[in-house]
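Chain residues, written in single-letter form:
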Amino acid sequence: MRLGKTEKTRRPDGKLVLRRRMIGLDQELILDQETCCGCRDCQTICPTEAVSSTEPVVEGGRVKAGIRMEIDPETCIFCGQCAVICPTKSIFWRENEATVPAVVTGEILPPLDEGLEVRVEDCRIDCGLACQAACPVEAIKVKTEPAAENGGGKIVDVAVDLNRCFYCGRCGPACSYGLIAVKKARQGLIIFAPDHCPQDCRACADVCPSGAFEVKEGRVSLDERFCLYCRACTNVCPEAAALEVKREFIRGRPLHSQLWLEMQGKLVSPAAKVRLAQEQAADKRARAFRTRID
């Protein structure tokens, strides 16, 4: 690899890799095209328009070819904004040993306000390890050990791979004892009218990363508790009257950032964008007032 030039490769495991090396600097951006849901959020917010996408192919109500994201090595600047916003954790950013994008560590963008907590000390093995079974990306691994006397066993740890978990919330209701709390960064509203769905169409279920859309008895059903509001479903739905996703906000940790406000404005619904602008104006007035008082 020539120093300073970005090299683009495609691995057999479906990962698209961009790498650039300079003296004292080794940058890498990895897009997992197998786990990517095709929401196009990365394309929407990319400051250099380095991200592009193909059109999906839907035939007979099934997704024959999903949306494929591509990254132009000539225009990508390794800013990491796409890795911050990706709802399915399909984009990995690295700069030397750092794996948290500089836009976050430099407080230009906030980390998303999301999390998952498990009260492992109260776990009981008769749950059948339901949280592990419910996870759509195998991010949860339950460690057990046999009991010393009766052989019944016990749960000693519940490990969550936060590099894979996208906080869909499926593990919460699966837990028989209510020991899992999931906090989502994305909130919104889905308007789903199955009566408008074309016959035998299940395109939304084909691309839904969390399984919020499922096919039951030949019809698509929705459990909005598990929705990521990624809008991948609307990108493949052949009938506009059947489905609308209104993303109301993407919650980040407290941070005054113009870039974060602009990014949210590109990703939320029109009504939410107006609300964001009003909140931004009110925040500026409040800070200006505090400055005059000080």
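An account of the accompanying structure is given in this report. Not measured: the values here are computed from a predicted model. Every chain is numbered independently, its residues counted from 1 as its sequence is written. Where totals are concerned, whole chains, interfaces and linings use all residues; where local detail is concerned, this predicted model gives features only for residues with pLDDT of at least 70, and gives and counts side-chain atom pairs only at 80 or more. The side-chain values count all of the structure's non-hydrogen atoms but skip hydrogen atoms and water molecules.

Take the overall build of the protein chain next. Numbering goes from the N terminus for both helices and strands, where a helix is a DSSP run of H or I of at least four residues and a strand is a run of E of at least two. Helices and strands together make up the secondary structure of the protein chain, namely nine helices and 16 strands. Projecting the C-alpha coordinates of the protein chain onto the three principal axes gives extents of approximately 65 × 55 × 50 Å. Relative to its full complement of 294 residues, the protein chain shows a buried share of 41%. Residues count as neighbours in contact if any of their non-hydrogen atoms are within 4.5 Å of one another. Long-range contacts, defined here as pairs at least 24 residues apart, represent 62% of the contacts in the protein chain between residues at least 6 apart. Only carbon and sulfur atoms are counted for the fraction: they give 49% of the accessible area of the protein chain, which is about 16100 Å². Here the positive residues are Lys and Arg and the negative ones are Asp and Glu; neither His nor the chain ends is included. For charged residues, the charge sits on one atom: NZ in Lys, CZ in Arg, CG in Asp, CD in Glu. Distance between charge centres in the protein chain, computed from 42 positive and 41 negative side chains, equals 3 Å. Relative accessible area decides the class of each residue, using a 1.4 Å probe on protein chains only: under 20% of the type maximum gives buried, over 50% gives exposed, and in between gives partly exposed. Note on areas: Shrake-Rupley with a 1.4 Å probe; residue coverage comes only from the protein chains shown.

Below, the discussion takes up the sheet that holds strand E2 (residues 15-22). Taken in spatial order, the four strands make up an open sheet running E1-E2-E3-E8, and their pairing is antiparallel. Taken across any chain shown, the strands that pair with only one partner, and hence form the sheet edges, are strand E1 (6-10) and strand E8 (91-95). Here the average twist between neighbouring strands, direction ignored, is 10°. Strands qualify as paired when DSSP identifies two bridges or more between them. Here E2 pairs with strand E3 (residues 25-32) via eight bridges, running antiparallel. Residue pairing in the sheet places Arg21 in a bridge with Asp26 of E3. What counts as an axis is a line fitted to C-alpha atoms, over the stretch in contact for a helix, and the angles between N-to-C directions run from 0 to 180 degrees.

Right, let's get into helix H8 (residues 258-267). Taken as a whole, H8 has its buried residues at Trp260, Met263, Gln264, Gly265 and Leu267. Within 3.5 Å is the distance limit for a polar contact, defined as a pair of N or O atoms, with the added protein rule that one can donate a hydrogen and the other accept it, and that residues adjacent in sequence qualify only through two side-chain atoms. Its side-chain oxygen placed 3.5 Å from the backbone nitrogen of Leu259, Ser257 serves as the N-cap of H8.

Our focus in this paragraph is the nonpolar core. By nonpolar core is meant a set of buried Ala, Val, Leu, Ile, Met, Phe, Trp, Tyr and Cys residues that side-chain atoms within 4.5 Å join together. If you look at the biggest cluster of nonpolar residues, it comprises 18 residues, and the most contacted ones within it are Leu18, Leu29, Ile71, Cys76 and Ile91. Only E2, E3, strand E7 (69-71), helix H2 (81-85) and E8 provide two or more residues apiece to this core. Contact partners of Ile91, with chain neighbours within four places excluded, come to Leu29, Ile30, Leu31, Cys42, Cys82, Ala83 and Cys86.

As a further point, take the environment of Pro270. Along the chain, Pro270 falls in helix H9 (residues 270-293). Residues Pro270 and Arg251, spaced 19 residues apart in sequence, show a C-alpha to C-alpha distance of 17 Å.

Put simply, a disulfide is two cysteine sulfurs that come within 2.5 Å. Applying the stated criterion across every chain, the model contains zero disulfides. Cysteine Cys82 shares no disulfide, and the gap to the nearest cysteine sulfur, in Cys79, comes to 6.1 Å. A relative accessible area of 10% places Cys82 in the buried class. Between Cys227, a free cysteine, and Cys233, which holds the nearest cysteine sulfur, the sulfur-to-sulfur gap is 6.4 Å.

Below, the discussion takes up the packing of aromatic side chains. Between 30 and 60 degrees the pair is tilted, below 30 it is stacked and above 60 it is edge-to-face, where a pair is any two Phe, Tyr or Trp rings, Trp via its six-membered ring, whose centres lie within 6.5 Å. For the coordinates displayed, the defined rule picks out one aromatic pair. Relative to Phe213, the ring of Phe192 lies with its centre 5.4 Å away and its plane at 80°, an arrangement referred to as edge-to-face. Here Phe192, found in strand E13 (residues 186-192), pairs with Phe213, found in strand E14 (residues 213-216); they are 21 residues apart in sequence, far enough to count as distant.

Turning next to the pairing of E14. As defined by bridge partners, E14 adjoins strand E15 (residues 219-222) across four bridges and the pair is classed as antiparallel. Residue pairing across strands places Glu214 opposite Ser221, the latter belonging to E15. Hairpin connection from E14 to E15: two residues lie between these consecutive antiparallel strands, with Glu217 at a positive phi of about 55°.

So, about the side chain of Glu114. Along the chain, Glu114 falls in the loop between helix H3 (102-105) and strand E9 (115-118). In contact with Glu114, not counting residues within four places along its chain, are Lys89, Tyr167, Lys183, Lys184, Ala185, Arg186 and Arg253.

Assignment of secondary structure puts Leu129 in the loop between E9 and helix H4 (130-134). We classify Leu129 as partly exposed; its relative accessible area is 23%. C-alpha of Leu129 to C-alpha of Asn235: the two residues are 106 residues apart in sequence and 35 Å apart in space. With sequence-adjacent residues up to four places away left out, Leu129 is seen in contact with Val142, Thr144 and Ile155.

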